[in-house]
Every structure is written in C-alpha cells, then in structure tokens.
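Listed below, chain by chain, are the residues.
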Amino acid sequence: MRQPRGDSRGILDPAGLQRRVRFRRHLPAVALRHWVEHYWLIDWDLSEPFEQRIVPHPAVNLVFQRDGDEPERAELAGVGQGLFSITLTGSGRVSGVQFRPGGFHPFWRRSVAELTGRRQPLPDAVPDQAVCAGTDAERCQALNAVLTGWAPRADPVNDEVMRLAEAIRTDRNVRRVDDFAGEHGVSVRRLQRLFLTHVGVGPKWVIRRYRLHEAIERAADGPLDWAGLAAELGYSDQAHLVRDFTATTGVSPAAYAQSPR
C-alpha cells in the first residue's frame, strides 16, 4: 500500500522544523493519487519567529493558510526555481497540496510554465468551509473536495510526462537530457516542450534539482568527499557542485555539513 513520502528532501534543517512545528503528510483520496504526491499539514504556536528555508521540488503546490485569527487565504505556488524562505510567527495552520511533477496540468489545463516562479492568490478555490479547521482527517477531506471540484481530466500525453519526470527522480544515473531522451525514444526538443508545458520547467532543470536534493541530503550527514560526490551526481567537477549548491541554498556544502542541527 502506498505511503506518503517519508524523506526530507528539499527541506533545509528538517530537524529544526520538526522541533518547532507539527509537520505531517497524508495521502489524498484514491481518485486523486495519480496526480497528487501528498497533502502536507503544519500547525505552530511559537514564542519567537521561526524561519524555514526550502529548496523546492519541480512541483506545483496549493496552499491554504491561516495565521492566528486572520481569515484563511489560498495561494497557488508554481515551481520555485530559487530558495524559498518563510518566517512563521505566533500561531497558525497550513493545509497544503503538493502535486506530482506534471500532476497539476490536468487541473490547470494550460501551460504550467505560466506559474513558474510565481505565487498567486486563488480565491475561487476556497470552499464554503475552512480548509485549515478541524482534525487532520477533516482537513484532508476539505482538500479532497477542492481538488475533486476542479474536475481534472485524464490525458495520455500528461501521463507520459509524469512517467518521465518520475524516472528522473528515481534513477540517479540520469545526468544528461540527450541521453535520457534517447533512452525513452523522444527527441530532445519534444521532451523540452512537454516538460515546460506539463511540469513548468525544462528536463535539464529537473535533473539538476533532483541531484541537488541528493547533495543536500548527503551533506546533512556531515563532511564528504565533495569531488567524489560531484562526479557521482553528474557535475562536471567539485567547483560546479559547490557553485550550484551555494547559489541555491546560500551556503557552501561544507558549511551546511558543519552547521549545527
């Protein structure tokens, strides 16, 4: 039986997050699991502000958030290409949907690249009752209702893109777009066009992002043979890994490995 993802890929200092907030994942209704990775719920009651940084997945997120007694708001977040940072204060709740890479297109029905790097309000998605209220089961049921009401449409081309994106995520040997395209019998140009339309970013970006997630997770275990890790993940050399890691997270891999947790 499928379970929600249990890894912390993309979350910088996941232990710090778990110490300060209640974070958990749940699966959506069975009919939605083809497109939705998981629901993610967060609750917090903080005595001082807490900043969390995330290196986003190549995925769209739908987020419902309530801060204190303020009205609940809904936001649609396209694929984030840079580091995402949020500061939580006081008390609040989030009920979020992380779609699988490519999984939002059947709901959006337009090029997902229109949303890349953008966060926009989505008032039309707010149901009659609050999504961030009640038990976990009630919050998940509310998210099920929102997504079911969107009436996603099955699409064999979109299914193909989702399979290709999943292959990149799970196969650590995928390093070059042209090699990957050849292995799957598709031209590089068509692969790029499909990924931009259905995922929101190109296949090269997806490959690099998943390899960076791997580097972050490995660095969290402590100092490594950085040159060896760079070669293993398909970077041209150690300097290339360091530049990519530092540009995205704001710290070098060595500094991240040595940071207290």
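Keep in mind the model is a prediction, meaning the values are calculated, not measured.

(A) Structural view of the packing of aromatic side chains. Taken as a whole and judged by the stated rule, the model has eight aromatic pairs. Considering the side-chain rings of phenylalanine 104 and tryptophan 150, the 5.7 Å spacing of their centres and the 80° angle between planes classify their relative orientation as edge-to-face. Of the two residues, phenylalanine 104 is situated in the loop between strand 7 (91–99) and helix 2 (105–108) and tryptophan 150 in the loop between helix 3 (136–149) and helix 4 (156–170); the sequence distance between them amounts to 46 residues. Judged by its relative accessible area of 2%, phenylalanine 104 is buried. Feature note: the residues Trp35, Phe99, Phe104, Phe107, Trp108 and Trp150 constitute an aromatic cluster, connected by ring pairs. In this arrangement the basic side chain of arginine 110 is found over the ring face of tryptophan 108, its NZ or CZ atom lying 4.0 Å from the centre.

(B) Broad picture of the nonpolar core. Counting 25 residues, the largest nonpolar core has Leu62, Phe99 and Leu147 as the members making the most contacts within it. If you tally residues by element for this core, the top one is helix 3, at five residues. The contacts of phenylalanine 99, once residues within four sequence positions are left out, are Trp35, Val36, Glu37, Ala59, Val60, Leu62, Phe104, Phe107 and Leu147.

(C) Spotlight on the side chain of threonine 248. Within the fold, threonine 248 resides in helix 9 (residues 238–249). Engagement of the side chain of threonine 248 in a polar contact is seen with the backbone oxygen of aspartate 244, the distance being 3.0 Å. With near-sequence residues (within four places) excluded, threonine 248 lies in contact with Val55, Leu83, Arg209 and Leu212.

(D) Geometry of the pattern of salt bridges. The full count for this structure, using the stated rule, is 20 salt bridges. Note that arginine 24 and aspartate 43 form a salt bridge whose closest N and O atoms lie 2.5 Å from each other. Taken together, the residues span a long stretch of sequence, with arginine 24 in strand 1 (residues 22–26) and aspartate 43 in strand 2 (residues 36–45) at a distance of 19 residues. Its relative accessible area of 12% is what places arginine 24 among the buried residues. The network of salt bridges with common partners includes Arg9, Arg172, Glu214, Glu217, Arg218 and Glu232.

(E) Region of interest: the state of the cysteines. With the rule as written, the count across this model stands at zero disulfides. Counting only cysteine sulfurs, cysteine 140 is the nearest neighbor of cysteine 132, a cysteine outside any disulfide, at a range of 11 Å. Residue classification places cysteine 132 among the buried residues on the basis of a relative accessible area of 4%. Accessibility expressed as a relative area gives 9% for cysteine 140, which makes it buried.

(F) Here's a closer look at helix 7 (residues 203–219). Taking 1.5 Å per residue as the helical rise, helix 7 with its 17 residues ought to reach 24 Å, and the 24 Å between its terminal C-alpha atoms agrees with that figure. For helix 7, the tally of buried residues reaches 13 of 17 residues, placing the bulk of the element in the interior.

(G) Representation of the pairing of strand 4 (residues 61–67) in the model. A large share of strand 4 lies buried, amounting to five of its seven residues. Note that strand 4 and strand 5 (residues 73–77) share five bridges and pair antiparallel. Within the sheet, the bridge partner assigned to glutamine 65 lies in strand 5 and is arginine 73. If you look at the hairpin formed by strand 4 and strand 5, you'll find five residues sitting between the two strands, and glycine 68 has a positive phi there, around 55°. Sheet topology places strand 4 next to strand 7; seven bridges connect them, and they run antiparallel. Bridged to asparagine 61 within strand 7 is glutamine 98.

(H) Molecular detail of the packing of helix 4 against helix 6 (residues 188–198). Two numbers describe how helix 4 lies on helix 6: the axes approach to 10 Å, and their chain directions differ by 100°. The angle between helix 4 and helix 6 places the two elements in the roughly perpendicular class. Contact residues: helix 4 offers Val157, Asn158, Glu160, Val161, Leu164, Ala165 and Ile168, while helix 6 offers Arg190, Leu191, Leu194, Phe195 and His198. Tallied by class, the residues present in the contact of helix 4 with helix 6 amount to eight nonpolar, two polar and two charged.

About the criteria used
- Residues numbered from 1 in each chain as written.
- Predicted model: local features only at pLDDT ≥ 70, side-chain atom pairs only at ≥ 80, totals over all residues.
- Heavy atoms only, no water.
- Phe/Tyr/Trp six-rings, centres within 6.5 Å; stacked < 30°, edge-to-face > 60°.
- Helix = DSSP H or I, 4+ residues; strand = E, 2+ residues; numbered from the N terminus.
- Buried < 20%, exposed > 50% of the residue type's maximum accessible area, 1.4 Å probe, protein only.
- Lys NZ or Arg CZ within 6 Å of the ring centre and 35° of its normal.
- Core = buried A, V, L, I, M, F, W, Y, C linked by side-chain atoms within 4.5 Å.
- Contact = heavy atoms within 4.5 Å.
- Polar contact = N/O pair within 3.5 Å; in protein donor to acceptor, adjacent residues only side chain to side chain.
- Salt bridge = Lys/Arg side-chain N within 4 Å of Asp/Glu carboxyl O.
- Disulfide = S-S within 2.5 Å.
- Expected span 1.5 Å × (residues − 1).
- Pairing = 2+ DSSP bridges.
- Axes fitted to C-alpha atoms, helices over the stretch in contact; angles between N-to-C directions.
- Parallel < 35°, antiparallel > 145°, perpendicular 65-115°, else oblique.
- Nonpolar A, V, L, I, M, F, W, Y, C, P; charged D, E, K, R; others polar.

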